[in-house]
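# Close look at the chain arrangement
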Amino acid sequence: MTPTTLTPGLEGVVAAETRLSRVDGQAGELIIAGFPVEELAAHASFEETVFLLWNDRLPSPQELTHFRQALAQRRALPSAVLDLLEAAAQAQLPAMDALRMAAGALSLDLPEGNPQEQALAAVARFPTIVASYARLRQGLSPVPPDPALGHAANYLAMLGGEPPHPAQVRGLETYLNTVVDHGLNASTFTARVIVSTGSDILSAVTGAIGALKGPLHGGAPGPALDMVFQIGRAERAEPFLRAKLEAGERLMGFGHRVYKVRDPRAEVLAEAAARMFQESGDMALYRLARHVEQTAVRLLAEYKPGRNLQTNVEFYTALLLHGLGLEPDLFTPTFAVGRVAGWTAHCLEQQRQNRIIRPRAVYVGAVGRRWADRAPG
Ligand code: COA
């Protein structure tokens, strides 16, 4: 019999088993491969987190050294990919488009049919793509990767052209760990659907970038920060946010399909941002953001009672990445620099227990049309 029950947005539908992360939207908890996100994000290096996701355990010291080297050796891009980024910079394309184009071109020097190698290359090279593109777009030469630096430190060095401060490295590392994986979100689902057809990991991560680009998924941090800047002063927060809600607009950085309490990642990132801004000696923007957040949550409860609209990960992402000196257009690509580890881990998991993902649609179109009845002409 043809199933007819429709679940819009597949909300609540269970489509996979995973050992990678557990999102409890009612309790506001996120477990990443067994660890509460608060613990993992603040302590692990990004390399340790990637190893954990791919192997379901933390590495020994020797394994970690080896894994860091394996990633560091694979950072450089084929010259044709740099040419492509140069062309994208000439056309001033959004950074997410440049990342999608370059990710798709990574097959140029990678062996076919080797998922582990593709996964390593994707994780290792995403930062090089984003940082190279950021510099090319400013008319600067890309900074070559430095294999002596860790993953996060090297990304910042390639972006800024100078060695980053340890507080900045810790801030970025905390961010990348926080966003590394998050259940069966839209981009991860996209990646799993692609590999479930027997396709390869590079195709999957390229498709996932496309899914992440949309403002309902990963595209919100830029607008969230714009909103804080537009507000500018604490006393303007309430009238500004009220006007938006009265006009039926959505407040970027608030609301989540799964979390109905505060997203635990928002707290981890708020704390990391506070530490970073404290280090830099300027807490004004951080304090303003806190005030905007509190006001927004209060007004959302007033305008959308019963919806439990709370701060999501994008709000503090914006603040943290801005504090690291990133342009808003690089926020979502930097999210991808972290999330690509989760995408690849899901792809490897899907390949181990594969069944093609193929849901159904309920046909609601016309029936009984006849070709002979079409309008003449
Ligand atoms: N600002 C104002 N109202 C919001 C809102 C927001 N950020 N998020 C949801 N709502 C309202 C909707 O307008 C809707 O109200 P209605 O029933 O009166 O029409 C209600 O809350 C439910 O919204 P819905 O779109 O069904 O929720 P969802 O689970 O499908 O959406 C998001 C989740 C994330 C897409 C949504 O909250 C949103 O658009 N947030 C802003 C963008 C953002 O921050 N994205 C990053 C997510 S990590």
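Residues numbered from 1 in each chain as written. Predicted model: local features only at pLDDT ≥ 70, side-chain atom pairs only at ≥ 80, totals over all residues. Heavy atoms only, no water.

Turning next to helix H11 (residues 221–231). Of the residues making up H11, those classed as buried are Pro221, Gly222, Ala224, Leu225, Met227, Val228 and Ile231. Lining the buried residues of H11 we find helix H12 (237–246), helix H14 (284–303), helix H15 (313–323) and helix H16 (331–352). Trailing H11 by a residue or two, Gly232 shows a phi angle of about 75°, which is positive. (Buried < 20%, exposed > 50% of the residue type's maximum accessible area, 1.4 Å probe, protein only. Helix = DSSP H or I, 4+ residues; strand = E, 2+ residues; numbered from the N terminus. Contact = heavy atoms within 4.5 Å.)

We note that Ala33 has phi near 40°; this positive angle belongs to a residue other than glycine. The residue Ala33 is located in the loop between strand E2 (29–32) and strand E3 (35–36) in this model.

A separate point is the pairing of E2. Of the two faces of E2, the one holding Leu30 and Ile32 is buried and the one holding Glu29 and Ile31 is not buried anywhere. Inspection of the sheet shows strand E1 (residues 21–24) paired to E2 by four bridges, in the antiparallel sense. Counted as the bridge partner of Val23 is Leu30 from E2. Hairpin connection, E1 to E2: the antiparallel pair is bridged by four residues, and Gly28 has positive phi, about 70°. Inspection of the sheet shows E2 paired to E3 by two bridges, in the antiparallel sense. The residue bridging Ile32 from the neighbouring strand is Phe35, located in E3. Linking E2 back to E3 in an antiparallel pair, the connection comprises two residues, with Ala33 at a positive phi of about 40°. (Pairing = 2+ DSSP bridges.)

In the vicinity of the ligand there are 20 residues, among which Arg250, Leu251, Gly253, Phe254 and Arg307 approach most closely. A distance of 3.0 Å separates an oxygen atom of the ligand from a polar atom in the side chain of Arg257. Here an oxygen atom of the ligand and a side-chain polar atom of Asn312 are 2.9 Å apart. Relative to its free-state accessible area of 860 Å², the ligand is covered by the protein chains to the extent of 76%. Its residues assigned to classes, the shell around the ligand shows nine nonpolar, five polar and six charged. Taken domain by domain, the shell around the ligand gets at least three of its residues from each of domain 1 (21–219 + 329–353) and domain 2 (221–323). (Near = heavy atom within 4 Å. Polar contact = N/O pair within 3.5 Å; in protein donor to acceptor, adjacent residues only side chain to side chain. Areas by Shrake-Rupley, 256 points an atom, 1.4 Å probe, with all protein chains shown as cover. Nonpolar A, V, L, I, M, F, W, Y, C, P; charged D, E, K, R; others polar. Domains from an automatic or database assignment.)

Its domain assignment divides the protein chain into domain 1 (21–219 + 329–353) and domain 2 (221–323). For domain 1 versus domain 2, the distance between C-alpha centres works out to 25 Å. Contacts between the two partners involve 27 residues from domain 1, matched on the other side by 24 residues from domain 2. For the pair domain 1 and domain 2, the two sides together bury roughly 2,000 Å², of which 73% comes from carbon and sulfur. On the surface where domain 1 and domain 2 come into contact, there are zero salt bridges. Here domain 1 and domain 2 share two residue pairs in polar contact (both at pLDDT 80 or more) between them. Looking at the side of domain 1 that touches domain 2, the elements that each hand over two or more residues are E1, E2, helix H1 (37–43), helix H8 (166–178) and H16. In terms of residue count, the dominant contributor to the side of domain 1 that touches domain 2 is H8 (six residues). (Buried area = accessible area lost by both parts, 1.4 Å probe. Salt bridge = Lys/Arg side-chain N within 4 Å of Asp/Glu carboxyl O.)

A separate point is the nonpolar core. Trp54, Phe126 and Trp343 are the most contacted members of the largest nonpolar core, which has 116 residues in total. Among the elements that make up this core, the one with the highest residue count is helix H6 (residues 115–137) (13 residues). Structurally, this core is a two-domain feature, drawing no fewer than three residues from each of domain 1 (21–219 + 329–353) and domain 2 (221–323). Setting aside its immediate chain neighbours within four residues, Trp343 contacts Phe126, Ser187, Thr188, Ala191, Val205, Ala208, Ile209, Leu212 and Ala336. (Core = buried A, V, L, I, M, F, W, Y, C linked by side-chain atoms within 4.5 Å.)

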